[in-house]
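Reading the structure
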Amino acid sequence: MMKSLSENRESLWRLIVSPSVWALHFLASYVTAAIWCAKFAPASGSIAPVRWLIAAYTVAALLAIGWNGWNGYRRHRLGAAELPHDADTPEDRHRFLGFATALLAGLSAIAVIFAAMAVVYFQDCR
Amino acid sequence: MNPAPNDPEPPAHTPPLELQRAQEDRLRRAWQKPAGWRYWSAVNNTEVGVWYTATAFLFFLFGGVLALLIRIQLAVPDNDFLSADRYNQVFTVHGSVMMFLFAIPVFESIAVIFLPQMLGARDLPFPRLSAFGYWCFVLGGIFLCGSILFDAAPRGGWFMYPPLTSKYQPGVGADMWLLGFSFIEIAAIAAAVELIVGTLKCRPPGMRINLIPLYCWYVLVAAAMVLFAFPPLIAGSMLLELERAFHWPFFDPVRGGDPLLWQHLFWLFGHPEVYIIFLPSIAIIAMIVPTFAQRPIVGYGWIVLAAVGTGFLSFGLWVHHMFTTGLPGISLALFSAASEAVAIPTGVQIFCFIATIAAGRMVRSVPMLYTLGGLATFILGGLTGVMVALASFDFQAHDTFFVVAHLHYVLIGGSVFPIIAGCYYFFPLLNGKKLSDRLGRIAFWLLLAGFNLTFLPMHFTGLRGMPRRVFTYPAGMGFDLLNLVSTIGAFLLGAGVAIVAWDIIRPKKRQPLVPRNPWRAGTLEWLPAMPPESWGVRSIPEIDSRYPLWEQPNFVRDVDEGRFYLPDAEEGKRETLVTSVIDATPTQCLRLPGPSFVPALAAVSLGGFFILGTFYLWIPALVSLVIAIGVIWRWLWNGTAVIPEKPEKEIGLGLTLPLYRSGPESVGWWAVVITMLAVFVAFVSLVFAYFFYWTIHDDFPPAGSQGGPGVFWPCLAATLLLAAWALTLLARRANRRDRAGVFSLAIIGAALLALAGGAAILAGPWLTGLDPTSHVYPAIVWLLALWTALHAATGVLFHAYCFARRAAGRMTARHDIDIQNAVAFWHFVILTAVITVAVIAGFPLVK
């Protein structure tokens, strides 16, 4: 087990996967809507294609976040340990990073759902 | 606490007393402050950080005086205390000073002082960079504040919207703002680089990522945010200055520009900036609360979530400042959703603080008073924030005093109160003296009462319809009494600030020293004996816990007696440890540079470029820039990548570490990559501008004679630059294999190709006759080409530098920091070049 907990196999990048997915989802949704309304539809035009696209982005984003979050949760549950993961051991460092990853995944998922709710209520470019 | 089984432990016996004294003498000599007038050449965090904080605080007082002038003017209807024009200058400078010269610098300056102490490091990895940042800040700040005394200050509000600031304000005020703050933002980015590398690479051995003080998490997040938030503003400022100085029409609708682009770029900076201010301030609270609850923080992982989560979400809020600009409803809804979501992590950390206080036994103290006052105030501001995040409410409240009230609740509650709490808490670490409890309490109640008296009524003034930034109002509109109350409150607030200021500067000679660790805190910054020595930490400890002072037995004794790492300065050099990112395993003993005037000289000469540019004195400005490049060259030549006299050094506890490392193992390489990341973000902002214009125009790029830079020259440029990049890589390899001939050929070839590539990218718009003043399309193409050419030219400087270093024997096959950093820089050059060519030559083809 110790080998798999080596520092070289750990990465801070995994911590920010979920929020980065949120950022991509957010940017993609915004850009899609902005370009559609500026280039392809009149002000009162329908945004139906945008809604479908954003729905697709949302499913993809939630899948990615779910995967990252589950991964984090599993690392948090390694062995028999409880919070606050504050021991000076590779195990607790591993659990802590997993725990923080899982929490960030949760927050990112909520933020993605918030954003997706926008297309539930809006039907045109006004 | 549960130390790792194979951690090195300090030796059980006391080192001989003579040895301890000798070590202390050597350390003291190595870290001695320069005396006399040379004092100003100091670069150590304990000096630079204190100057930085004090200067920021002076700017705060200056901004505060301007606020009082505003309140005097608005106290009664139809007042003529200030003219409309003077009033415009006063509120513009007030907002700009508070944001750019107080709130951001003070976060960085406090971190410069305390981050090394919390990390048990002797200093941050680039002391001269901190000093450089400080001198840039002072120079830019004085320049900007001074302008108001000559009736020449900017008048466009702290967010400088064009076309007001591009067409209708001919004086130098707007130029001062644009160039002065771009200069200061360079300083802010320099400090951010320092703080990121410091947090990731200069922790004490054993301080794994799950053990670092929460303050460091917050600072890491805020500094990373600076890298992504400031460059869009620098890019925007460049566009606006090009329009003002050279008539490139980026924001002029007649020639295809759009003022709304400024708002996007400004708020892409401006909203994250609010959190860049807030997070490091709340970080101080995260250090104060456990101390006065006398227990570890509750929910460490949750607070990390809050810091990182806020850092991300805050980039999805910028359009909520633009709800009334007529964007499609769907766009507003997306930003409204993110603005509501950011309340979640913000709330989480506040619940953690409350839980910590509830679970511990709270010790009553002045820092705690400010902490609680700040949290209560901030929560009120947060609640009105949730209100204005709803687009429909914002339509009503936009540009009224309601927004003024909201932002002051957030910033004063979320930043000023915590910073004053930090003043009272950390002050003993500066000179071993405490601030006065009595004055602190009096000031607190004045501040709290004055603040609420000033800003609570403004909610109602705003809801009754009073717009912000008007210099007066007629009587009988329902604003009179509310404004008068606000003015009275502002003076109470001012009195509170004056008392705090007096408490800080009053002579404390006769006051006794406080005992060591006066608040009985658990984290490393409280290690020093009183008064603290300038070496920072006597020996760099092995960390087993989040609160080593509470939980590690004999900890203070072992540090003091030099039983841990680096207890000595045998060679009389300043040194600290570099450790790995995740587990803080020691990897290098880093030699740090000592006092020098070079950073100040570099700041003055670079400042000359910006300041002379403000007055359109382009020739002297360019001369100043050349001098700056020369000074920086000299700085790097003598002060960086120095080949040590021996490859390794024993640092105690049986550990021997290398003195020189290069590439990703060296702190300098990280600094280059992080800095270039920020530069790259500025470039992305320009690319964003290109596509922004595409979305608003039916015909972009326009057909016909303005058709574009063609395909041939841009593609030739990309090919030449790719070849230059490949030769740079080859040069690195040849150097590593010690093949001098191949190295020289490769590096000279790379430089020539880079020059040719830079020329070719400019040849595109030049030979196709694009006129940047005619329309926004040629302007943005020219700008992207110039940006790339400038990168290539800088890349050539890197080539020349490496060539010279090797010729002078300062770079060898093993000691190859310079060429490694040059390669890192060239990765960004090539990325920039390829994207530029794809955009300016490729996009017109696919369109």
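Residues numbered from 1 in each chain as written. Chains lettered and ligands numbered in written order. Predicted model: local features only at pLDDT ≥ 70, side-chain atom pairs only at ≥ 80, totals over all residues. Heavy atoms only, no water.

So, the interface of chain B and chain A
In many analyses, interface size is given as the accessible surface area lost on bringing the parts together. So the rule is basically this: Throughout, a residue-residue contact means that at least one pair of heavy atoms, one from each residue, lies within 4.5 Å. Accessible area, probed at 1.4 Å, shrinks when two parts are joined; the buried area is that loss added up over both. The term salt bridge refers to a side-chain nitrogen of Lys or Arg lying within 4 Å of a carboxyl oxygen of Asp or Glu.
In this complex, chain B contributes 50 residues to the contact, which on the side of chain A involves 42 residues. For the pair chain B and chain A, the summed buried area comes to about 4,000 Å², and 76% of that belongs to carbon and sulfur atoms. For chain B, the biggest contributors to the area lost against chain A are F312, I330 and L334 of chain B; these three give 18% of the whole. The interface formed by chain B and chain A includes 2 salt bridges. The shortest N-O distance in the salt bridge between R93 of chain A and D583 of chain B comes to 2.6 Å.

Considerations on the pattern of salt bridges
The condition that has to hold: The numbering of helices and of strands both runs from the N terminus, where a helix is a DSSP run of H or I of at least 4 residues and a strand a run of E of at least 2. Residue burial is assigned from relative accessible area. The probe radius is 1.4 Å, only protein chains are included, and a residue is buried under 20% of its type maximum, exposed over 50%, and partly exposed in between.
According to the stated counting rule, one finds 33 salt bridges over all chains in the structure shown. Linking E10 of chain A and R93 of chain A is a salt bridge whose minimum nitrogen-to-oxygen distance equals 2.6 Å. With E10 of chain A in the segment before helix 1 (17–40) and R93 of chain A in helix 3 (residues 90–121), this residue pair connects regions lying 83 residues apart in the sequence. Across the pair, exposure class does not vary: E10 of chain A and R93 of chain A are buried alike. A salt bridge links K646 of chain B to E571 of chain B, with the nearest nitrogen and oxygen atoms 2.6 Å apart. Of this pair, K646 of chain B sits in the loop between helix 21 (618–639) and strand 3 (648–652) while E571 of chain B sits in the loop between helix 19 (555–560) and strand 1 (574–579); the two residues are 75 residues apart in sequence, bridging distant segments of the chain. Look at K646 of chain B and you get partly exposed, because its relative accessible area is 30%. Shared partners join several salt bridges into a network, and the residues in it are E10, R14, R75, D88 and R93 of chain A together with R208 and D583 of chain B.

Here we look at the side chain of R591 of chain B
All names here are of chain B. Under the convention used in this document: In the analysis that follows, any N or O atom pair within 3.5 Å is treated as a polar contact, provided that within protein one partner can donate a hydrogen and the other can accept it, and provided that, for residues neighboring in sequence, both atoms belong to side chains.
Tracing the chain through its elements places R591 in strand 2 (residues 586–592). Side-chain polar atoms of R591 contact the side chain of E575, separated by 3.0 Å. Looking at R591, its side chain comes within polar contact range of the side chain of E645, at 3.1 Å. Excluding anything up to four places from it in sequence, R591 contacts E571, K573, R574, E575, P644, E645 and L659.

Description of the pairing of strand 2 of chain B
All names here are of chain B. We count it as follows: Here the rule is simple: two strands pair whenever DSSP picks up at least two bridges between them.
Within strand 2, 7 of the 7 residues are buried, leaving the element largely enclosed by the surrounding structure. Of the pairings in the sheet, the one linking strand 1 to strand 2 comprises 6 bridges and is antiparallel in character. Paired with T579 across the strands is P586, a residue of strand 2. Joining the antiparallel neighbours strand 1 and strand 2 is a turn of 6 residues, in which A584 adopts a positive phi near 55 degrees.

Notes on the domain arrangement of chain B
Residue and element names in this part refer to chain B. Quick reminder of the rule: What fixes the domain bounds is an automatic or database domain assignment.
What the domain assignment lists for chain B is domain 1 (44–505) and domain 2 (692–846). Placing a centre on the C-alpha atoms of domain 1 and another on those of domain 2 gives a separation of 38 Å. Across the boundary between the two partners, domain 1 contributes 15 residues, which contact 15 residues of domain 2. Approximately 1,200 Å² of surface area, both sides summed, lies buried where domain 1 meets domain 2, with 76% of it carried by carbon and sulfur atoms.

Topic: the environment of D699 of chain B
Mapped onto the elements, D699 of chain B comes out in the loop between helix 22 (667–696) and helix 23 (712–736). Between the C-alpha atoms of D699 of chain B and F828 of chain B, which are 129 residues apart in sequence, the distance is 32 Å.

Focus: the state of the cysteines
What counts is decided by this rule: Cysteine sulfur atoms that pair up within 2.5 Å are treated as a disulfide.
Inspection of the entire model under this criterion finds 1 disulfide over all chains. Here C37 of chain A pairs with C125 of chain A through a disulfide, and the sulfurs are 2.1 Å apart. Taking the sign of the S-S torsion, -85 degrees for the link of C37 of chain A and C125 of chain A, the bridge is left-handed. Here C37 of chain A, found in helix 1, pairs with C125 of chain A, found in the segment after helix 3; they are 88 residues apart in sequence, far enough to count as distant. Both residues of the pair, C37 of chain A and C125 of chain A, count as buried. Between C216 of chain B, a free cysteine, and C202 of chain B, which holds the nearest cysteine sulfur, the sulfur-to-sulfur gap is 12 Å. There is no disulfide at C352 of chain B, and the cysteine sulfur nearest it, in C216 of chain B, is 17 Å away. In this structure C352 of chain B comes out as buried when scored by relative accessible area, which is 8%.

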